[in-house]
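# Observations on the three-dimensional arrangement
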Amino acid sequence: MSTAKADILARVRGALGPSPVVPEIPRTYRLAGTLVRDAAVVDLFCETVSEYKATVHRVAESALPDKVRAILGEGLRVGVPAGFRDLGLPVIEDRGLSVAELDELDAVVTGSALAIADTGTIVLVSGENSGRRALTLVPDHHVCLVAASSVVPSVPDAIAALGPDAPITLVSGPSATSDIELDRVEGVHGPRRLDVVVFG
Amino acid sequence: MSFQSAAKVTLKDAQLRRNIGKATTLIREKRLRAVAEVPDWEPLRDAGEAIKAHTMATLPEQLEKLEAAVTAAGGVVHWARDGAEANAIVASIAKRVGTDEVIKVKSLATDEIEMNEALEAEGIHALETDLAELIVQLNPEDKQSHILVPAIHRNRAEIRTLFEQTIAQGQSLGNEASAIAEAARLHLRNKFLTVPMAVSGANFGIAETGTIGVVESEGNGRMCLTMPRVLVTLMGIEKVLPAWQDLEVFLQLLPRSSTAERMNPYTSLWTGVRPGDGPQEFHLILLDGGRTNVLADEVGRAALHCIRCSACLNVCPVYERVGGQAYESVYPGPIGAILTPQLNGLGSAPSLPWASSLCGACYEVCPVKIDIPSILIHLRGRVVREEKSRLTPEALAMKGMAAAFSTRRRYEAAQRLAKLGRGPIVKAALPGWTAMRDLPEPPKETFRDWWKREHGEG
Ligand code: SF4
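To keep things clear, this report deals only with the structure shown in the data block. The structure presented is a predicted model; accordingly, all values stated were derived computationally and were not measured.

Conventions and cut-offs
Residues numbered from 1 in each chain as written. Chains lettered and ligands numbered in written order. Predicted model: local features only at pLDDT ≥ 70, side-chain atom pairs only at ≥ 80, totals over all residues. Heavy atoms only, no water. Helix = DSSP H or I, 4+ residues; strand = E, 2+ residues; numbered from the N terminus. Expected span 1.5 Å × (residues − 1). Buried < 20%, exposed > 50% of the residue type's maximum accessible area, 1.4 Å probe, protein only. Contact = heavy atoms within 4.5 Å. Polar contact = N/O pair within 3.5 Å; in protein donor to acceptor, adjacent residues only side chain to side chain. Salt bridge = Lys/Arg side-chain N within 4 Å of Asp/Glu carboxyl O. Nonpolar A, V, L, I, M, F, W, Y, C, P; charged D, E, K, R; others polar. Pairing = 2+ DSSP bridges. Axes fitted to C-alpha atoms, helices over the stretch in contact; angles between N-to-C directions.

Here the focus is helix 2 (residues 39–50) of chain A. Residue and element names in this part refer to chain A. Over its 12 residues, helix 2 extends 17 Å from the first C-alpha to the last, a length consistent with the 16 Å expected when each residue adds 1.5 Å. Along helix 2, the residues that are buried comprise V41, V42, F45, C46, T48 and V49. At its buried positions, helix 2 is contacted by strand 1 (55–59), strand 5 (114–116), strand 6 (121–125), strand 7 (141–147), strand 8 (151–152) and strand 12 (193–199). Two or three places before A40, at the start of helix 2, stands the capping residue D38, its side-chain oxygen 3.1 Å from that residue's backbone nitrogen.

Counting residues at the interface gives 74 residues for chain A, matched by 90 residues for chain B. Where chain A touches chain B, the interface holds 13 salt bridges. In this structure, E51 of chain A and R262 of chain B form a salt bridge, with 2.7 Å as the shortest nitrogen-oxygen distance. Taken together, the connections running from chain A to chain B amount to 30 residue pairs in polar contact (both at pLDDT 80 or more). Listed by contribution, the elements that provide at least two residues to the side of chain A that touches chain B are helix 1 (3–16), helix 4 (99–103), strand 6, helix 5 (155–161), strand 9 (168–171) and strand 10 (176–177) of chain A. In terms of residue class, the side of chain A that touches chain B is built from 37 nonpolar, 18 polar and 19 charged. Where strand 9 of chain A meets strand 9 (residues 266–271) of chain B, 4 bridges bridge the pair, whose relative direction is antiparallel. The partner of L170 of chain A across the bridge, within strand 9 of chain B, is T267 of chain B.

Spatial strand order, 8(A)-5(A)-6(A)-9(A)-9(B)-6(B)-5(B)-8(B): 8 strands in an open sheet with mixed pairing. Across the chains shown, the open sheet's two edge strands, defined by having one partner strand only, are strand 8 of chain A together with strand 8 (240–241) of chain B.

Time to look at the sheet that holds strand 4 (residues 107–110) of chain A. Residues and elements named next belong to chain A. The strand order across the open sheet formed by 6 strands is 1-12-7-4-2-3, and the pairing between neighbours is parallel. The open sheet has two free edges, formed respectively by strand 1 and strand 3 (92–94), since each of these has just one partner strand. Pairwise comparison of adjacent strand axes, ignoring direction, gives a mean angle of 25 degrees for this sheet. With 5 bridges connecting them, strand 1 and strand 12 associate as parallel partners. When the sheet's bridge partners are listed, V56 is paired in strand 12 with V196. Taken strand by strand, helix 2 contacts strand 1, strand 7 and strand 12, and its axis lies near 155 degrees from that of strand 1.

None of this, on its own, says anything about what the molecule does.
Dropping the structure here:
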């Protein structure tokens, strides 16, 4: 054991004394599974996301490729995670793109693991659906697909469904800063444009 | 400089007072709305408070679990007794990586141990990537004044001029906030994509899983946590949380209390190293840096529960008048008044526990229910008892009191508080407290009028 570690732990134990009181944790807040997961939850999600100045689109799953093409138009360099669903448009799959190659993308289309209605949050979990973290970070425009069935009501619902195995990014609206007179200015270092396509 | 003399300097700056007043008023109103829509806000606060108290009581176990979990996930854990040790660890990693520049995400812990200066002395430049930190870093004479919005004391026109003279190299930016943000984006983008090492702080570290969390807005955090090859995270030992489930409490309490949003734009959670995604070398430095001293004070230790949301700053009448810089610490406002003297030793900041009117607003907004007024009273007692030989506490106390009780209402509120006794805490502080209990008649003038009369305009 490093001596610094031994010293710090000894100091902590000394500070706490021989029998510190360990309080119970009251979890009387709304736990996972408390709220009903119905169609209203998806409506609420669309509403809360749009309040962050993200653009929300609601389509049937079959209309997904058309919608994505309509959002992106023609001639853009569009990145997607390797093996991503067919969008009917030319894409560049991320099979280990270099930083320079990521930087040349105009937009990226990915899926998401789940979404939180209460807070308008999209949850990206590193993997084949959401892509790796850099893919949804470097390009300036992120089109994120959210399955309606993946929308959960609350933050506890999301935490209960997630785990530590892969990196997680919670995204609530486009990159923003409130550092200049507390005005929320969209778009600093992350994607400045966020389109959320809720399907199904 | 004591808080009272430092306050005298900042009180003179009318622009600074206007900037801070405008900002805190805005964010106070926003926070109220963000909290009002959560029906179980109070149960969440109760849980937050209990999780923190539970963590402190079991801290050795939690820290060992965290170390084991981070290590199992491919990270390296270091322990640092003080800032100098932590800075030396970061410098040695940078040297091994072979870089003379690191990118940084806003981190109060690194500010607290003056990491940037320490790295600079080793020939390593630490580049701040948060917009507000950048604003402060670009002006060598500036200092942070708020936990969350360090440049809260700067208005748009001032920031624009600063950027035009520095990163925009003389180019005119116009008055839109977005143009100012764009200048920062261009300035930093190349750094994010090329610098091989980043340093971050941490909002949480989950003992159960080894997961570290960083909550942010701009995306500079994601850039630093994702793009470089090597990531070093400095975390105070009090930031550990026992269980994964605890995230659901703090991810609700923190954003609504700090930026007054339902959720901040980005939260990153990662566990050790993930092959093919993000830094392939991850170091976690666990810092004591005076925290065990705070822990040793049974009453004062609740200051370690702080999740740095800054809600208490925004509601504090004293902070609103004097601004953050008067606290001469990286932790300003009510939390600074109880944390700084405990972290650095009471003798280092003996006047800070008087930098309050005890109006209780900080306690009401605190998402983890830290009873700041009671801790202030307790610390006043300790200062009087322990620092008597070195100071003239009565003089100090009376001076601070007079400054603090700016209006009759606040003074009376404080008296009520003292009378109610707030249970055992005030009683414990009484030996010291009685020395200053015979307070003068409540002043009928305002704090500013009093200040003017007492100290003159100059
Ligand atoms: S003391 Fe409470 S209100 Fe103040 S910054 Fe810390 S957590 Fe927030």
